[in-house]
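# What the coordinates show
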Amino acid sequence: MKKMNLLLILVMVLGGCARQPDECTRLIRTEVPERPAGQTDVLELRTEPLPVVRVAFIGLGMRGPGAVQRMTHIDGVEIVALCDVEQANTEKVNRMLKERGFPEAREFYGDTAVWRQVTVLPEVDLVYIATDWKSHALIGVQAMKDGKHVAIEVPAAMTLEEIWALVNTSEQTRKHCMQLENCVYDFFELTTLNMVQQGLLGEVIHGEGAYIHGLQPYWDSYWKDWRMAFNKEHRGDVYPTHGIGPVCQAMNIHRGDKMNYLVSVDTKPIGNPAYLKETRGEEVTAFRNGDHTSTLISTEKGRSILIEHNVTSPRPYSRMYQLTGTKGFANKYPVEGYALEAGGLDPALTAHHENLTSHEFVPADVMQALMETYTHPIAKDIEEKAKQVGGHGGMDFIMDYRLIYCLQNGLPLDMDVYDLAEWCCLIPLTELSLDNQSAPVEIPDFTRGAWNKLTGLTFSE
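Described below are features of the structure shown in this document.

What counts and how
- Residues numbered from 1 in each chain as written.
- Predicted model: local features only at pLDDT ≥ 70, side-chain atom pairs only at ≥ 80, totals over all residues.
- Heavy atoms only, no water.
- Helix = DSSP H or I, 4+ residues; strand = E, 2+ residues; numbered from the N terminus.
- Rg over C-alpha atoms; globule rule 2.2 N^0.38 Å.
- Buried < 20%, exposed > 50% of the residue type's maximum accessible area, 1.4 Å probe, protein only.
- Contact = heavy atoms within 4.5 Å.
- Areas by Shrake-Rupley, 256 points an atom, 1.4 Å probe, with all protein chains shown as cover.
- 1 Å grid on protein atoms, 1.4 Å probe; cavity = no way out; pocket = protein on both sides within 12 Å on 5 of 7 lines; lining within 4 Å.
- Points joined across faces, edges and corners; volume = space filled by probe spheres on them.
- Nonpolar A, V, L, I, M, F, W, Y, C, P; charged D, E, K, R; others polar.
- Core = buried A, V, L, I, M, F, W, Y, C linked by side-chain atoms within 4.5 Å.
- Pairing = 2+ DSSP bridges.
- Axes fitted to C-alpha atoms, helices over the stretch in contact; angles between N-to-C directions.
- Polar contact = N/O pair within 3.5 Å; in protein donor to acceptor, adjacent residues only side chain to side chain.
- Phe/Tyr/Trp six-rings, centres within 6.5 Å; stacked < 30°, edge-to-face > 60°.
- Lys NZ or Arg CZ within 6 Å of the ring centre and 35° of its normal.

### Description of the overall build of the protein chain
Tallying secondary structure elements over the protein chain gives 17 helices and 14 strands in all. For 461 residues, the compact-globule formula gives about 23 Å, and the C-alpha radius of gyration of the protein chain, at 22 Å, lands near that figure. If one aligns the C-alpha atoms of the protein chain with their principal axes, the spans along those axes are about 65 × 60 × 55 Å. Here the protein chain, with 461 residues, has 58% of them falling under the buried criterion. Considering only residue pairs separated by 6 or more positions, the protein chain has 75% of its internal contacts joining residues 24 or more positions apart. Total accessible area computed for the protein chain in this model is approximately 19,700 Å², and 50% of it derives from carbon and sulfur atoms.

Written out as structure tokens, the structure is:
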């Protein structure tokens, strides 16, 4: 037998493979369709400035109303259309607009196809999509074809076919397609990103992220049980973007590095089938998604990423955000903190702490000084307002504010369609790995060769 490397052994052991090593570990290739003639990438896409952004909202169940409310706090926004299956939802949001002193928006409701009347409206610049997962990409593609920029709640696409459709349509129409990933705008993540870009952590070589959140109090809130249904029918990390988004930004994915392949393992499903039996009397014998899914990713530049998903176990909420650098370490959940080489810090930040060591988190006063010194530029001017308006502590407002700011000024968005593609592709690719005994699966280059065209992530100012 040929000598086996560490990855081969890992895949064999975790995957429980009984075949020969070369059969077990054969990389599963994924297709990168040829870019249509005349079509080019949308890296750092700039579009015509929109001093006033006219917004239509589709989906007013759990996330949509909060988004409308936040938009009323941003200058230069007109809310022109509200759309939902349920008439009561559009009426409720319109009442909120009236209470906030805004004109009532046009209402569209009645069935799951009514959104089609919204995307063709000539008075709309941006379509903000907060429906169920399975309709995200469908609406997004059509809205771009109808000449609109789109912003889509997470995850924006569930299959490789949907992902490529969004990429191709954005490239063809030259319209922005942004995934509404709010966690990249949380204050610790933004500050840490700035520290990384300033070189304080050295080279980031490993990152971790997760979505660990028991959803038992929320399962019955999803329209027609769409989220539980997806977990019943699919294995893998079905909600990866909160965990992987901030890590990919710190690692400059498709801006100097790219993800090459992943390997996933999962546990058997126990918690959600038990929940269904206990609360609904439903006996489920073919539940697909395991309680806990772990995914390892390798990048072109020799970095690694660990992403985890668990929505049923009795654990505290965690996005497990961690960055390991050659000169420092950042951690969030359960403790926010940094461990840094003392010699790499400004002496003014470490006064009275001559014995700092990278083997421990910095003291509270140094932590506070770091957070103040390295506050990300985009958060400095709006942090106070963001916390007042709210939305997961303010990060939702920063997300919406940045989207509108960039559209108003004709600037590239902070997150492009390739971010969307890379973060969402974990959904189908982890399922593919798991269904093939934890085989390694190739991650497509959604930029089609342009992943090192840029030299890093920059937020337009």
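### Observations concerning empty space enclosed by the protein
Across all of its chains, the model carries 2 cavities of 30 Å³ or more by this definition. If you add up the space inside the largest cavity, you get close to 40 Å³. Residue lining of the largest cavity: Ile253, His254, Lys258, Met259, Glu422, Ile443, Pro444, Asp445, Phe446 and Trp451, and that is the complete set. Classifying every residue of the lining of the largest cavity gives 6 nonpolar, 1 polar and 3 charged.

### Overview of the nonpolar core
Phe57, Leu166 and Leu370 are the most contacted members of the largest nonpolar core, which totals 120 residues. A per-element tally of this core places helix H15 (residues 395-409) first, with 8 residues. Within the second largest apolar cluster, 17 residues are counted, among which are Val154, Leu215, Tyr222 and Phe230.

### Section: the layout of surface pockets
There is about 960 Å³ of room inside the largest pocket. In this structure, the largest pocket is lined by 43 residues; those nearest its centre are Met62, Arg63, Thr131, Tyr222 and Trp226. Elements with a minimum of two residues in the lining of the largest pocket: strand E2 (77-84), helix H6 (133-145) and helix H9 (226-233). If you tally residues by element for the lining of the largest pocket, the top one is H6, at 5 residues. Roughly 240 Å³ of volume is contained in the second largest pocket. As for the second largest pocket, its lining consists of 21 residues, of which Glu44, Leu45, Pro412, Leu413 and Asp416 are closest to the centre. Its residues assigned to classes, the lining of the second largest pocket shows 10 nonpolar, 5 polar and 6 charged.

### Quick notes on unusual backbone geometry
Put simply, Val154 and Pro155 share a cis peptide bond, and its omega is -20°. Checked against the element boundaries, Pro155 lands in the loop between strand E5 (149-152) and helix H7 (160-173). Omega for the peptide link from Tyr333 to Pro334 comes to -5°, which places this bond in the cis form. Locating Pro334 in the fold gives a position in the loop between strand E12 (328-331) and strand E13 (337-340). Positioned with a positive phi, Asn252 is a non-glycine residue whose angle comes to about 55°. Looking at where Asn252 falls in the secondary structure, it is placed in the loop between helix H10 (241-250) and strand E8 (259-266). Judged by relative accessible area, which is 23%, Asn252 ranks as partly exposed. Along the chain, the position of Tyr333 falls in the loop between E12 and E13.

### With respect to the sheet that holds strand E6 (residues 177-179)
One open sheet accounts for 6 strands, arranged E3-E2-E1-E4-E5-E6; its pairing is parallel. Whereas interior strands pair on both sides, the edge strands pair on one side only; in this sheet they are strand E3 (106-109) and E6. Each neighbouring strand pair of the sheet contributes to a mean axis angle of 20°, computed without reference to strand direction. Here E2 runs beside E3; their pairing, made up of 4 bridges, is parallel. Residue pairing for E3: Cys83 is matched across the bridge by Phe108. Contacts between helix H4 (residues 87-99) and the sheet are confined to E2 and E3, with E2 contributing the most and set at about 160° to the helix.

### Overview of the sheet that holds strand E9 (residues 293-299)
Across the sheet, 8 strands lie side by side as E13-E12-E11-E7-E10-E9-E8-E14; this open sheet has mixed pairing. Pairing within the sheet leaves two strands with one partner each, and these edge strands are E13 and strand E14 (441-442). Contacts from helix H8 (residues 187-197) reach strand E7 (204-212), strand E11 (322-325), E12 and E13, with the element oriented near 20° to E13.

### With respect to the side chain of Thr299
Residue position: Thr299 is located in strand E9. The class for Thr299 is buried, based on a relative accessible area of 3%. Within polar-contact distance, the side chain of Thr299 engages the side chain of Asp257 at 2.9 Å. Thr299 has contacts with Ile253, Asp257, Lys258, Met259, Asn260 and Ile305, leaving out every residue within four places of it along the chain.

### Points about the packing of aromatic side chains
Following the criterion strictly, the structure yields 15 aromatic pairs and no others. Both rings, one in Trp133 and one in Phe230, keep their centres 5.5 Å apart while their planes meet at 80°; by these two values the pair is edge-to-face. Remark: Phe230 occurs in helix H9 and Trp133 occurs in helix H6; sequence separation between them is 97 residues. Of the two residues examined, Trp133 and Phe230, each falls in the buried class. A ring pair is formed by Tyr401 and Tyr405, whose centres lie 6.2 Å apart and whose planes are at 20°; its orientation type is stacked. With Tyr401 and Tyr405 both in helix H15, this residue pair falls 4 residues apart, about one helical turn. Each residue in the set Trp133, Tyr211, Trp219, Tyr222, Trp226, Phe230, Tyr239, Tyr317 and Tyr333 is aromatic and connected to the rest through ring pairs, giving one cluster. For the cation-ring pair, Lys258 lies above Trp451, with the distance from its terminal atom to the ring centre recorded as 5.9 Å. One Lys or Arg, Lys387, reaches over the ring of Phe187 and ends 5.0 Å from the middle of that ring.

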